Amino acid sequence: MLAFNLFLCLWLSRPIFCDTEGISNSEEKTLIDTNFDILPPGMILCSRNSSNSVRSDCIKDSINHLIPQLKNGFPPLDFPILDPFLVNRTYIEYEQNFLKAKLNVTEALVRGVSTGEVKMVKSKLNSTHFYVLFDLHVPVIQIEADFEGRTLFNDLVVQSEGHAVIDCFKVIATFKFNGVLQTLDDGEDYMIVKSANFTKVVMEEMKLNGTGLLPEPELNEVVVQILNEIWEMLLQNIFPRFKASWDPIIVDLLNCFFEKVPFNMLMEN
């Protein structure tokens, strides 16, 4: 989710010169002098008429230039603070042998996205549709949140309520979205996002610290230790449920921007 909203706001910025090495004159990325107050500073404008590979490299450069600049959000487009990114509420359900949990997670703060770098972009564009796939590499992502719910540990059923901090190291998150060009009431064409997916996440290591999964501190410590030992299994189990909650949020966040900025302001003909 984080890179999708990141991607849009990264891409909505005032043009700058960029390296055109290896690109023919006809396909160069260009600097366009524009005074669009709605756009954040620093946008690299990419051409719709470039080849898929040239356009994809341009989009990658634009995102990477803007990631650190948009850490504090961009009020003119109502884009929220990127780092830390606040998630008011989500739901996690986990089941693995001896441990089952159903938890409501609130006031989650996700830190580290502004240190990320996009290393791969693939894009396709025609007169009516736009497709983008990209990988975001982040050295460390930290998620801190409160939770409450129910946990079953062997035959012990308890009400869980506590606080957790999860550190994820060397994260690679893959995202894709599809847009359809539509003419809105103002007569302008906008690339409305119809679907967005958090398709995959891999990491080198994950470490959990938390209180309140079980009421007894000693048992809670045992459960946390076990979860840290099986973190890869935990990630595989949680990700599909997590993804189901986040994909609609990603669509809404992307459309906060695509519905406000005409597509010809984002990608020139």
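To be clear, the structure that these remarks concern was listed above.
Residues numbered from 1 in each chain as written. Predicted model: local features only at pLDDT ≥ 70, side-chain atom pairs only at ≥ 80, totals over all residues. Heavy atoms only, no water.

Right, let's talk about the overall build of the chain for a bit. Across its full length, the chain carries five helices and nine strands. Scanning the chain from its N terminus toward the C terminus, one meets helices and strands in the order α-β-α-β-β-β-β-β-β-β-α-α-α-β. Across the 269 residues in the chain, those meeting the buried criterion constitute 48%. Looking at the chain alone, contacts between residues at least 24 apart form 69% of all its contacts between residues at least 6 apart. Carbon together with sulfur atoms contributes 52% to the accessible area of the chain, which is approximately 13,200 Å² in total. (Helix = DSSP H or I, 4+ residues; strand = E, 2+ residues; numbered from the N terminus. Buried < 20%, exposed > 50% of the residue type's maximum accessible area, 1.4 Å probe, protein only. Contact = heavy atoms within 4.5 Å. Areas by Shrake-Rupley, 256 points an atom, 1.4 Å probe, with all protein chains shown as cover.)

Here the focus is the nonpolar core. By size, the foremost hydrophobic cluster in this structure holds 74 residues, and its most contacted members are F130, F177, M203 and L227. If one sorts the elements of this core by residue count, helix α4 (residues 231–258) sits on top with 12 residues. Leaving out residues up to four positions away in the same chain, M203 has contacts with C168, F169, K170, V171, W231 and L235. (Core = buried A, V, L, I, M, F, W, Y, C linked by side-chain atoms within 4.5 Å.)

Time to look at the packing of aromatic side chains. Tallied over the full model, the rule gives six aromatic pairs. Arranged with centres 6.2 Å apart and planes meeting at 85 degrees, the rings of F130 and F177 form a pair that is edge-to-face. A residue pair is termed long-range when its members are at least 10 positions apart, and F130 in strand β5 (residues 129–153) and F177 in strand β6 (residues 156–183) qualify at 47 residues. (Phe/Tyr/Trp six-rings, centres within 6.5 Å; stacked < 30°, edge-to-face > 60°.)

The full count for this structure, using the stated rule, is one cavity of 30 Å³ or more. Roughly 930 Å³ of internal volume is contained in the largest cavity. Among the secondary structure elements, those contributing two or more residues to the lining of the largest cavity are α1 (2–11), β2 (85–96), β3 (99–111), β5, β6, β7 (189–202), β8 (205–211) and α4. Here the lining of the largest cavity is built from residues that sort into 37 nonpolar, two polar and one charged. (1 Å grid on protein atoms, 1.4 Å probe; cavity = no way out; pocket = protein on both sides within 12 Å on 5 of 7 lines; lining within 4 Å. Points joined across faces, edges and corners; volume = space filled by probe spheres on them. Nonpolar A, V, L, I, M, F, W, Y, C, P; charged D, E, K, R; others polar.)

Where two cysteines share a covalent bond between their sulfur atoms, that bond is called a disulfide. In total, this model carries one disulfide according to the counting rule given. Between C46 and C58 runs a disulfide, and the two sulfur atoms are separated by 2.0 Å. On the sign convention where negative means left-handed, the S-S torsion of about -90 degrees between C46 and C58 marks this disulfide as left-handed. Taken together, the positions of C46 in strand β1 (residues 46–47) and C58 in helix α2 (residues 52–66) put the pair 12 residues apart, joining distant regions of the chain. Assigned by exposure class, C46 and C58 land together as buried. (Disulfide = S-S within 2.5 Å.)

Bringing the side chain of T151 into the picture now. With respect to the helices, strands and loops of the structure, T151 is situated in strand β5. Relative accessible area serves as the criterion here: at 1%, T151 is assigned to the buried category. Here S160 takes part through its side chain, which lies 2.5 Å from a polar atom of the side chain of T151. Those residues in contact with T151, other than ones at most four positions away along the chain, are L99, K100, A101, L103, L156, V157, V158, S160, L213 and L214. (Polar contact = N/O pair within 3.5 Å; in protein donor to acceptor, adjacent residues only side chain to side chain.)

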